[in-house]
Amino acid sequence: MTSATEAGVPPAPASPQSRKSVTGTRRTVAVLFLLPALVLLGALVVYPIGYSLVRSFYNQSGDGFAGFDNYKALFTDDGIRTALKNNVIWVVFAPTISTALGLIFAVLTERIRWGTAFKLLVFMPMAISMLAAGIIFRLVYDQDPDKGFTNAVWVGVHDTFAQSSSFPKAHPGRNSPLVAQGGSFITKATVHTGDTVTLPLVGVAPDQMPGDAKKAVAPQADPGRITGTTWQDFTRGKGVGTLGGVDPSELGYPGMKIEAVKDGKVVETVKAGDDGTFSFSEKANGAQLRLPASNFREAYNGVDWLGPSLVTPSIIGSYIWMWAGFAMVLIAAGLAGIPRELLEAARVDGASEWQVFRRVTVPLLAPVLAVVTVTLMINVLKIFDLVYIIAPGSSQDDANVLALELYRKGFSEDQPGIASAISVFLLLLVIPVIWFNIRRLRREVRR
């Protein structure tokens, strides 16, 4: 007697109760293994989301129903509106620039021998926590050029082309022969050949005097020239020193620029020596001597990177420094999977390197670029650490983002209802991005 299998009749399907997985695991065992993860997921994700949603409809004390008032505050409160605007800036620029830099680094490092070392250096910031990166960039962006690396470089470049003065605080003292003229100082009387002129100034701290300044020397008369001295007319100690006279301990103003002016025109210009002495030719006869404003220009102190106007771009720069390496590594992995035959075929057909990159490499990398961009967008929407640490108190309101505003409303201002509304709003912003990513992954699986 033949069996159903031998007769070609397929066996009856197993009942759901007896069905097993490919590995032979029963459904009950699978559920038992998944149960701890499901409990944690419910306790750490589902419950907080549900509680935040319910809490967002209650008032500050939590005992009165507020309706949609907390959600209305999202669009009427100035702090939240600034945070929302900054979040838009973050979402538009931070992922885009990070992905673009990652693409450029990944493509270029393929062609150099030390590409692996370069990738390691660029990726290294990912090993640093957001807290540490925030502390690093708080110092990098420090306003003081002696502390902040960015301003040290900026001031160095600026001073190369526009030298700042060594005497920004200098000004005439009592009974001075000089009077103010705009930002300059000019002698009250005209000078003539054979005259000696003293141009005393005060206001420069002893420790701020130039290193090449020497002890001032009183001018010596020269029949064919006009001689003079400009110096720091100040001697430490009460009642010490002669007002308007060169004393032994007083220093000259080296490099001080002096102009001879006749009828509003500069006829001759000289610079004082290390001891403050200077000399004019006969061309200055009958002129007034002027110390131009360039002598007293305030020292350039760099850019206020953490001021109200630049604080957000500066913090975005620190984020890009951290995450460009992440984008580069993922894109480099995708680049390694591109068939080289396609690139070589394009080159054989006469395409330039730019055309190969634009029309072959980038389209083939589109799925990877989408993954990187979407991941960074989700990461940027919840950015908190860098803004909280880098932005000083004076400009934190200008750098505000939703995650930081959530923290401030919930803990600093004791408004848990509005904080819960912000958290729900953030979740709603993230959901479309996640949905897009899931759809894209499913399309990839179908392929």
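Residues numbered from 1 in each chain as written. Predicted model: local features only at pLDDT ≥ 70, side-chain atom pairs only at ≥ 80, totals over all residues. Heavy atoms only, no water.

Draft legend 1. Spatial organisation of the packing of helix α5 (residues 130–140) against helix α7 (residues 311–336). Closest axis-to-axis distance for the α5/α7 pair is 10 Å, and the angle between their directions is 130°. As far as their axial angle goes, α7 and α5 are oblique. Note on packing geometry: the crossing formed by α5 with α7 is right-handed. Along the contact surface, α5 presents Met130, Ala133 and Phe137, while α7 presents Ser318, Tyr319, Trp321, Met322 and Trp323. Among the residues forming the contact of α5 with α7, the class breakdown is seven nonpolar, one polar and no charged. (Axes fitted to C-alpha atoms, helices over the stretch in contact; angles between N-to-C directions. Helix = DSSP H or I, 4+ residues; strand = E, 2+ residues; numbered from the N terminus. Parallel < 35°, antiparallel > 145°, perpendicular 65-115°, else oblique. Left-handed = near helix turned anticlockwise from the far one by under 90°. Contact = heavy atoms within 4.5 Å. Nonpolar A, V, L, I, M, F, W, Y, C, P; charged D, E, K, R; others polar.)

Draft legend 2. The environment of Thr373, seen in detail. Tracing the backbone shows Thr373 in helix α10 (residues 366–381). As a C-alpha pair, Thr373 and Leu330 span 43 residues in sequence and 11 Å in three-dimensional space. Among the polar contacts listed, one links the side chain of Thr373 to the backbone oxygen of Leu369, at a separation of 2.8 Å. (Polar contact = N/O pair within 3.5 Å; in protein donor to acceptor, adjacent residues only side chain to side chain.)

Draft legend 3. Fine view of unusual backbone geometry. A positive phi angle is found at Asp263, which is not glycine, with a value near 50°. Following the sequence through the fold, Asp263 ends up in the loop between β5 (257–262) and β6 (265–271). A relative accessible area of 82% places Asp263 in the exposed class. Not every positive phi belongs to a glycine, and Asp414 is a case in point at roughly 55°. (Buried < 20%, exposed > 50% of the residue type's maximum accessible area, 1.4 Å probe, protein only.)

Draft legend 4. How the structure looks around helix α12 (residues 402–412). When α12 is considered as a whole, its buried residues turn out to be Leu402, Ala403, Leu404, Glu405, Arg408 and Lys409. Asp414 sits one or two residues past α12 and shows a positive phi near 55°.

Draft legend 5. Looking closely at the pairing of strand β2 (residues 184–187). Of the two faces of β2, the one lined by Ser184 and Ile186 and the one lined by Phe185 and Thr187 are each fully buried. Between strand β1 (residues 178–181) and β2, which pair antiparallel one after the other, the connecting turn spans two residues, and Gly182 there sits at a positive phi close to 70°. Two strands pair when backbone bridges link them, and β2 and strand β8 (residues 288–291) are joined in this way by two bridges, in the antiparallel orientation. Counterpart to Ile186 in the pairing with β8 is Arg290. (Pairing = 2+ DSSP bridges.)

Draft legend 6. Structural view of the pattern of salt bridges. Here the structure, examined in full by the defined rule, presents nine salt bridges. As a salt-bridge pair, Glu110 and Arg340 come within 2.9 Å of each other at their nearest N and O atoms. Highlighted residues: Glu110 in the loop between α3 (78–109) and α4 (115–123) and Arg340 in helix α8 (residues 340–348), separated in sequence by 230 residues. Taking the relative accessible area as the measure of exposure, Glu110 reaches 38% and is therefore partly exposed. A salt bridge links Arg347 to Glu344; the nearest nitrogen and oxygen atoms lie 3.1 Å apart. Of the two residues, Arg347 and Glu344 both sit in helix α8, three residues apart, roughly one turn of that helix. By relative accessible area, which is 44% here, Glu344 ends up partly exposed. Each of Asp77, Glu405, Lys409 and Glu413 takes part in one network of salt bridges that share partners. (Salt bridge = Lys/Arg side-chain N within 4 Å of Asp/Glu carboxyl O.)

Draft legend 7. Region of the structure containing the environment of Gly244. Its location among the elements puts Gly244 in the loop between β4 (226–232) and β5. Considered as a pair, Gly244 and Ser176 are 68 residues apart in the sequence and their alpha carbons are 7.2 Å apart.

Treat this as a map of the structure, not an account of what it does.
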